[in-house]
Amino acid sequence: MSDIDVAVIGGGVVGLACAVALARRGLQVMVLERAERTGSETSSRNSEVIHAGIYYPPGSLKARLCVDGRDRLYAYCAERSVPHRRVGKLIFAASEAETAELDVIAARADSAGAGSLDRLDAAQARRIEPELGVAAALFSPRTGIIDSHAYMLALEGELNDLGGAVVCHTRLTRAERVDGRWQLWIAGEDEPVLGARLLVNAAGLHATQTAALIDGLPPALVPGPVYARGCYFSYGRPVPFTHLIYPVPVKGGLGTHLTLDLAGRARFGPNVEWIDDVDYTIAPHLHAEFLEAARKIWPAIEPDALHADYAGVRPKVRTADGAIATDFIVQAPDDHGLAGLVNLFGIESPGLTASLALGDEVAARLERCGDLQPA
Ligand SMILES: Cc1cc2nc3c(=O)[nH]c(=O)nc-3n(C[C@H](O)[C@H](O)[C@H](O)COP(=O)(O)OP(=O)(O)OC[C@H]3O[C@@H](n4cnc5c(N)ncnc54)[C@H](O)[C@@H]3O)c2cc1C
């Protein structure tokens, strides 16, 4: 059995960022990823937006880690030549009735530390985006877009430079604490194959099921999984927009919005569909629904150029009180009593933006529990 300092379960953007944060502290880190390559689940099924941190309640982990992660992500992209652009975002009120909502969003952004947003009247909004017919809008200059695959490659490269490794085709099936270390079983093996002092569960949509594989973790501390699919429709022709364009948020998500990729191509989404299991199917009838939502942004949209593209599933969780968690859950030894273990639950949006800050949060929580360095 090989022995290392840290095993990270899950090679999505958050697992990779945690691995880098711990490797930077001089630890020998291995990422175990069950798929054939890294970043093939939620980390490659999102909007690729660097969020400014506008919507999260002040004092929440999402608010703190999004703002911190955003600034660090821009710096990381610049240092490591990861393609990205600070394009800015408009949040619009489609009617006079929605304009009060903009004030609530602006006030929350301010108190969450996201920075102030510019309030625009209809004429000012039209000067920025002439095709957008709205009553009023907020402009967020700190919102951007990123090539998430290039970012994950950069993280993996840094991890390798620091002596760490990612092992794909490797699914954790059991973890047991023996003599102060974690012994790890992987699919296809009858014996534990890896020993690690620290174990980070960053298994995304499967984090709750992965936690159930960890011996000694009280089941009452493992939340239940809840899945909310978000589908995207892309637009096959040029669009007249140069900023990201969002309606005021809806329950469960940010509302069907228009994002741009780095080549200027537009996509609309994600919607919110509550589902029982992870399933990326896009129902054909959604075309009409997306067309209606897209027309609120762009009345002149051509229906035949709008087509189903891809879907992602939000890894939400339900806590013991039956409520769906609204914040990230970083569960450390001082929460569950098992030395060296951190579980990450409910790492939905803005997990990509917050990833570098989440990695440091995991390291800080282990350090606070006295687990980071060997006894
Ligand atoms: C529709 C949608 C839009 C979003 N848009 C944005 C956005 O614009 N900006 C933003 O900041 N965030 C966004 N997010 C959130 C962001 O995508 C996620 O927070 C982030 O990708 C989560 O990364 P992760 O590493 O935790 O999970 P994942 O990327 O899902 O990685 C988990 C990995 O664990 C592996 N795994 C699972 N079980 C095991 C096991 N037993 N053994 C080994 N490996 C295992 C899986 O194969 C997977 O690769 C969005 C999310 C969704 C769903």
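Whatever comes next refers back to the structure up there.
Quantities reported herein were computed from a predicted structural model and do not represent experimental measurements.

Visitor: Explain the overall build of the protein chain to me, using residue names and the numbers behind them.
Guide: Check the secondary structure of the protein chain and you find 9 helices and 20 strands. Relative to a compact globule of 375 residues, whose C-alpha radius of gyration would be 21 Å, the protein chain shows 21 Å and is just as compact. Overall size of the protein chain, expressed as C-alpha extent along the three principal axes, is 70 × 45 × 40 Å. With 375 residues in all, the protein chain has 56% of them scored as buried. For the protein chain, the proportion of contacts with a sequence separation of at least 24, taken over those separated by at least 6, is 72%. In the form shown here, the protein chain has an accessible surface area of approximately 15300 Å², with 50% of it arising from carbon and sulfur atoms.

Visitor: Just give me the short version of the nonpolar core, but keep the residues and values in it.
Guide: If you look at the biggest cluster of nonpolar residues, it comprises 53 residues, and the most contacted ones within it are Tyr235, Phe268 and Ile297. Of the residues forming this core, the biggest block, 5 residues, is contributed by helix H7 (residues 286-297). Not counting residues up to four positions away in its chain, the partners in contact with Phe268 are Cys231, Tyr232, Phe233, Tyr235, Thr256, His257, Leu258, Phe290, Ala294, Ile297, Ile301 and Leu306. Ranked by size, the runner-up nonpolar core spans 46 residues in total, among them Ile50, Cys77, Tyr151 and Leu366.

Visitor: Would you mind going over the pattern of salt bridges in detail, with residue names and values included?
Guide: Applying the stated rule across the entire model yields 23 salt bridges. Close ionic contact of Arg267 with Glu48 constitutes a salt bridge, the shortest N to O distance being 3.7 Å. Of this pair, Arg267 sits in strand S16 (residues 266-269) while Glu48 is found in the loop between strand S2 (29-32) and strand S3 (49-50), placing the two residues 219 residues apart along the sequence. This pair shows no difference in class: Arg267 is buried, exactly as Glu48 is. Among the ionic pairs, Arg265 bridges to Asp261, the shortest N-O distance being 3.0 Å. With relative accessibility at 54%, the residue Arg265 sits in the exposed group.

Visitor: So, the packing of helix H5 (residues 148-161) against helix H9 (residues 351-368): which residues are in play, and what are the values?
Guide: The geometry of H5 relative to H9 is characterised by a closest axis approach of 12 Å and an angle of 15 degrees between their N-to-C directions. Taken together, the axes of H5 and H9 lie roughly parallel to each other. Seen along the crossing, H5 lies across H9 with a hand that is left-handed. In contact with Ser148, Tyr151 and Leu155 of H5, H9 contributes Leu352, Ser355 and Leu356. Its residues assigned to classes, the contact of H5 with H9 shows 4 nonpolar, 2 polar and no charged.

Visitor: Please set out the site of the ligand residue by residue, giving values where relevant.
Guide: Taken together, 38 residues sit near the ligand, with Glu33, Ser43, Val49, Ile347 and Thr353 positioned nearest. One of the side-chain N or O atoms of Asn46 is found 3.0 Å from an oxygen atom in the ligand. Interatomic distance of 3.4 Å between a side-chain N/O atom of His51 and a nitrogen atom of the ligand. Its free accessible area being 1000 Å², the ligand has 98% of it covered by the protein chains. Of all the secondary-structure elements, those providing two or more residues to the shell around the ligand are helix H1 (13-23), strand S18 (306-318) and H9. In terms of domain composition, the shell around the ligand takes at least three residues from each of domain 1 (2-48 + 149-223 + 325-368) and domain 2 (87-141 + 225-318).

Visitor: Run through the environment of Arg314, naming residues and quoting values.
Guide: By the element assignment, Arg314 lies in strand S18. Sequence-wise, Arg314 and Glu273 are 41 residues apart; in three dimensions their C-alpha atoms are separated by 9.8 Å. Of the polar contacts made by the side chain of Arg314, one reaches the backbone oxygen of Asn271; its length is 3.0 Å.

Visitor: I'd love a proper account of the packing of H1 against H9, names of residues and values included.
Guide: Two elements in contact, H1 and H9, have axes separated by 8 Å at closest approach and are oriented at 45 degrees. On the basis of their axis angle, the class for H1 and H9 is oblique. The handedness of the crossing between H1 and H9 is right-handed. Residues Val13, Val14, Ala17, Cys18, Ala21 and Leu22 of H1 touch H9, and the partners they reach there are Gly351, Leu352, Ser355, Leu356, Leu358, Gly359, Asp360, Val362, Ala363 and Leu366. Its residues placed into classes, the contact of H1 with H9 shows 12 nonpolar, 3 polar and 1 charged.

The rules behind each value
Residues numbered from 1 in each chain as written. Predicted model: local features only at pLDDT ≥ 70, side-chain atom pairs only at ≥ 80, totals over all residues. Heavy atoms only, no water. Helix = DSSP H or I, 4+ residues; strand = E, 2+ residues; numbered from the N terminus. Rg over C-alpha atoms; globule rule 2.2 N^0.38 Å. Buried < 20%, exposed > 50% of the residue type's maximum accessible area, 1.4 Å probe, protein only. Contact = heavy atoms within 4.5 Å. Areas by Shrake-Rupley, 256 points an atom, 1.4 Å probe, with all protein chains shown as cover. Core = buried A, V, L, I, M, F, W, Y, C linked by side-chain atoms within 4.5 Å. Salt bridge = Lys/Arg side-chain N within 4 Å of Asp/Glu carboxyl O. Axes fitted to C-alpha atoms, helices over the stretch in contact; angles between N-to-C directions. Parallel < 35°, antiparallel > 145°, perpendicular 65-115°, else oblique. Left-handed = near helix turned anticlockwise from the far one by under 90°. Nonpolar A, V, L, I, M, F, W, Y, C, P; charged D, E, K, R; others polar. Near = heavy atom within 4 Å. Polar contact = N/O pair within 3.5 Å; in protein donor to acceptor, adjacent residues only side chain to side chain. Domains from an automatic or database assignment.

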